[in-house]
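Survey of secondary and tertiary structure
Read off the chains here:
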Amino acid sequence: MSRIGNSPITVPTDVEVKIDGKVITVKGPKGTLEREIHKNIDVAMENNVIIITRPNDEPFNRSLHGLTRSLISNMVHGVKEEYTRELQINGVGYRAAKQGNKLVMNLGYSHPVEMEQPNGITFDVPNQNTIIVKGIDKELVGQTAAVIRTKRPPEVYRGKGIKYAEEVIRRKEGKAGKK
């Protein structure tokens, strides 16, 4: 049995959950999220507790069981507290700035890299070497942070590039000199 799928989700008092057939809507102080649930999974709400069940133990249904529970739990958590992802920029002359709803990054290219803010996401630039991605949808926050990181991935020889704040870059030694 799925340990994740079997655990119930308790809904906080300031979060409202509405189940309409196979569509679940979660509304909270930070915003509203909506997701369609797979037809093989049943979602029920009793006394501010969401319970996810599956019809049988087929491998496909077992994999959907834990996934659905995690997605719904992330929705409930996201509308109550925003998800954040912090990125750091390392390198001489590398910097980021926010202009309106655009993120402008100088990353050593001949041109500045501009990125438009997606719907539901906000960029925060506390200093020129830090970017904070915020939003209520965990999936969208992670995807946006990953797209920003691909603009200049961290380099192992000099340590330059964009990396997650908690990420550790293993440095490599350069070429050995002639003897």
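Right, let's walk through the structure included here. Remember, predicted model here, so these are calculated numbers, not experimental data.

It is worth spelling out the environment of Gly78 at this point. Summarising the element assignment, Gly78 is placed in helix H2 (residues 59-80). Taking relative accessible area as the criterion, Gly78 reaches 0% and is therefore assigned buried. When the C-alpha atoms of Gly78 and Val26 are compared, they prove to be 9.4 Å apart, with 52 residues separating the residues in sequence.

Taken as a whole and assessed by the stated rule, the structure comprises zero aromatic pairs. Taking NZ or CZ as reference, Arg152 lies 4.3 Å from the ring centre of Tyr109, over its face.

A word on the nonpolar core. Counting residues in each nonpolar core, the largest one holds 19 residues, and the members touching the most others are Leu87, Leu103, Met105, Ile131, Val133 and Ile148. Where this core is concerned, the elements lending two or more residues are strand S7 (83-90), strand S9 (102-106), strand S10 (113-116), strand S11 (121-124), strand S12 (130-135), helix H3 (138-150) and strand S13 (161-164). Look past the residues within four positions of Val133 in its chain and what remains in contact with it is Tyr83, Thr84, Arg85, Leu87, Ile121, Thr122, Phe123, Val141, Thr144, Ala145 and Ile148. Judged by nonpolar contacts, the second largest core, of 18 residues, contains Ile24, Val43, Ile50 and Ile72.

A few words on the pattern of salt bridges. Two side chains that carry opposite charge are able to pair once their charged atoms sit near each other. Taken as a whole and judged by the stated rule, the model has seven salt bridges. One salt bridge in this structure joins Asp42 and Lys22, with 3.3 Å as the shortest N-O distance. Pair noted here: Asp42 is in strand S5 (residues 42-46) and Lys22 is in the loop between strand S2 (16-20) and strand S3 (23-27), with a separation of 20 residues, a long-range link. The partner of Glu166 in a salt bridge is Arg85, with the nearest N and O atoms 2.5 Å apart. You can see Glu166 sitting in the segment after S13 and its partner Arg85 sitting in strand S7, a full 81 residues away along the chain.

The three strands lie next to each other as S8-S9-S10, forming an open sheet whose pairing is antiparallel. The open sheet is flanked by strand S8 (95-99) and S10, the only strands paired with a single partner. Recorded for the sheet is a direction-independent mean angle of 20° between the axes of neighbouring strands. Relative to S9, S8 runs antiparallel, the two sharing five bridges. Along S9, the bridge assignment pairs Arg95 with Asn106.

Strands belonging to one sheet form pairs held by backbone hydrogen bonds; the direction of such a pair is parallel or antiparallel. Sheet architecture is open: four strands sit in the order S11-S12-S7-S13, paired in antiparallel fashion. Each having just a single partner strand, S11 and S13 make up the two edges of the open sheet. The sheet shows a mean angle of 25° between the axes of neighbouring strands, taken without regard to direction. Relative to S13, S7 runs antiparallel, the two sharing four bridges. Each residue of the ladder has a partner; that of Asn90, found in S13, is Gly161. Where H3 meets the sheet, its contacts fall on S7, S11, S12 and S13, and the angle it forms with S7 comes to roughly 10°.

The rules behind these values
- Residues numbered from 1 in each chain as written.
- Predicted model: local features only at pLDDT ≥ 70, side-chain atom pairs only at ≥ 80, totals over all residues.
- Heavy atoms only, no water.
- Helix = DSSP H or I, 4+ residues; strand = E, 2+ residues; numbered from the N terminus.
- Buried < 20%, exposed > 50% of the residue type's maximum accessible area, 1.4 Å probe, protein only.
- Phe/Tyr/Trp six-rings, centres within 6.5 Å; stacked < 30°, edge-to-face > 60°.
- Lys NZ or Arg CZ within 6 Å of the ring centre and 35° of its normal.
- Core = buried A, V, L, I, M, F, W, Y, C linked by side-chain atoms within 4.5 Å.
- Contact = heavy atoms within 4.5 Å.
- Salt bridge = Lys/Arg side-chain N within 4 Å of Asp/Glu carboxyl O.
- Pairing = 2+ DSSP bridges.
- Axes fitted to C-alpha atoms, helices over the stretch in contact; angles between N-to-C directions.

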